[in-house]
Amino acid sequence: MSDVLTGGCQCGAVRFRVDGPPRYSVICHCRMCQKAYSAPFGACVSVATEHVVWTRGTRKRFLSSDKVARTFCGDCGSQLTFEGANGSRNTALSTCAFDNPAALPPTKQSGAEGKLAWLDGVAGLPWPDTDTTAAQEAKYGPRVSRQHPDHDTDVWPPA
């Protein structure tokens with residue numbers, strides 16, 4: 001894996017680059033992460049704050065506690081970071097905000113007290129056939145995605 005990692009929010013208004021190796025990747029089950037990510041758990045990658053460069057846009061900031069700030073895109077709402085409220089040597093970037101989240105598998109879990117019991121059975125749930133894009137377009141008409149691609153762009157949205 002390259003030491004330079006890129007990512008950003010869903011709409012592309014905020015982009016970042018990480019110019020150094022990740023420290024670790026974690027899945028957190030605590031209730032605060034569940035609420036922040038609107039998901040059963042939060043997934044983030046810890047990096048040295050000095051290695052994070054914000055290449056496009058400005059993040060909005062929410063103090064989720066007296067110790068923690070979370071940042072997100074003010075346009076699309078994508079959760080971007082978990083960091084110390086008064087500055088920190090580490091920044092935890094949302095795993096799925098990276099352009100290639102598959103390259104950053106979790107190395108540990110935290111927040112066991114908040115883990116939802118039904119997560120243990122998720123792997124055994126059935127996988128029904130999913131409509132292909134062609135079948136969806138035949139049924140609903142063509143769609144226009146406004147999601148930013150998984151790579152840097154000079155300008156977004158396109159003209």
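Nothing here was measured: the structure is a model prediction, and the numbers come from that model.

A contiguous nonpolar patch, built from Trp118, Val122 and Leu125 and spanning about 310 Å² of accessible area, is present on the exposed surface. Looking at where Trp118 falls in the secondary structure, it is placed in the loop between β10 (108-110) and α2 (133-140). For Trp118, a relative accessible area of 53% corresponds to the exposed category.

Spatial ordering of the open sheet is given by β1-β2-β5, a layout of three strands whose pairing is antiparallel. The sheet terminates laterally at β1 (4-8) and β5 (52-56), the two strands that pair on one side only. Across this sheet, the average inter-strand angle for adjacent strands is 25°, counted without regard to direction. Looking at chain direction, strand β2 (residues 15-19) and β5 are connected through four bridges and run antiparallel. Its bridge partner being in β5, Val18 is matched across the sheet by Val52.

With that out of the way, let us pick up the environment of Ser64. Looking at where Ser64 falls in the secondary structure, it is placed in the loop between β6 (59-63) and β7 (68-73). Residue Ser64 is classed as buried on the basis of its relative accessible area, which comes to 18%. Distance from Ser64 to Met32, taken between C-alpha atoms, is 7.9 Å for residues 32 residues apart in sequence. With residues up to four places along the chain from it excluded, the contact list for Ser64 reads Met32 and Arg70.

Let us look at the nonpolar core. Cys9, Phe16, Val18, Val47, Leu93 and Phe98 are the most contacted members of the largest nonpolar core, which has 15 residues in total. Of all elements in the fold, only β2 and β4 (42-48) reach the threshold of two or more residues within this core. Within the second largest apolar cluster, seven residues are counted, among which are Val26, Cys28, Cys30 and Cys33.

This structure, assessed with the given rule, holds two aromatic pairs. For the ring pair Phe16 and Trp54, a centre distance of 5.5 Å and an interplane angle of 65° mean the geometry is edge-to-face. With Phe16 in strand β2 and Trp54 in strand β5, this pair connects stretches of sequence that are 38 residues apart. Between the aromatic rings of Phe16 and Phe98, the centroid separation amounts to 5.1 Å while the plane-to-plane angle is 85°, which identifies the pairing as edge-to-face. Here the residue Phe16 occupies a position in strand β2, and Phe98 occupies one in the loop between β9 (90-94) and β10, the gap between them amounting to 82 residues. The same class applies to Phe16 as to Phe98, namely buried.

This part takes up the environment of Tyr140. Tracing the sequence through the fold places Tyr140 in helix α2. In this structure, the C-alpha to C-alpha distance between Tyr140 and Ala92, residues 48 residues apart in sequence, is 39 Å. Within the local environment of Tyr140, its side chain forms a polar contact with the side chain of Lys139, the two groups lying 3.5 Å apart.

The subject of this paragraph is the pairing of β1. Both β1 and β2 contribute to a ladder of five bridges, which runs antiparallel. For Thr6, the partnering residue across the bridge sits in β2 and is Arg17. Adjacent in sequence and paired antiparallel, β1 and β2 are bridged by six residues, among which Gly12 carries a positive phi angle near 90°.

Most of the time, phi is negative for any residue but glycine, and the peptide bond is trans. We note that Ser38 has phi near 50°; this positive angle belongs to a residue other than glycine. Inspection of the secondary structure assignment puts Ser38 in the loop between α1 (31-37) and β4.

Thresholds, definitions, all that
- Residues numbered from 1 in each chain as written.
- Predicted model: local features only at pLDDT ≥ 70, side-chain atom pairs only at ≥ 80, totals over all residues.
- Heavy atoms only, no water.
- Patch = residues over 30% accessible without salt bridge, like charges linked within 9 Å, V, L, I, M, F, W, Y side chains within 5 Å.
- Areas by Shrake-Rupley, 256 points an atom, 1.4 Å probe, with all protein chains shown as cover.
- Salt bridge = Lys/Arg side-chain N within 4 Å of Asp/Glu carboxyl O.
- Helix = DSSP H or I, 4+ residues; strand = E, 2+ residues; numbered from the N terminus.
- Buried < 20%, exposed > 50% of the residue type's maximum accessible area, 1.4 Å probe, protein only.
- Pairing = 2+ DSSP bridges.
- Axes fitted to C-alpha atoms, helices over the stretch in contact; angles between N-to-C directions.
- Contact = heavy atoms within 4.5 Å.
- Core = buried A, V, L, I, M, F, W, Y, C linked by side-chain atoms within 4.5 Å.
- Phe/Tyr/Trp six-rings, centres within 6.5 Å; stacked < 30°, edge-to-face > 60°.
- Polar contact = N/O pair within 3.5 Å; in protein donor to acceptor, adjacent residues only side chain to side chain.

Structural measurements only, silent on function.
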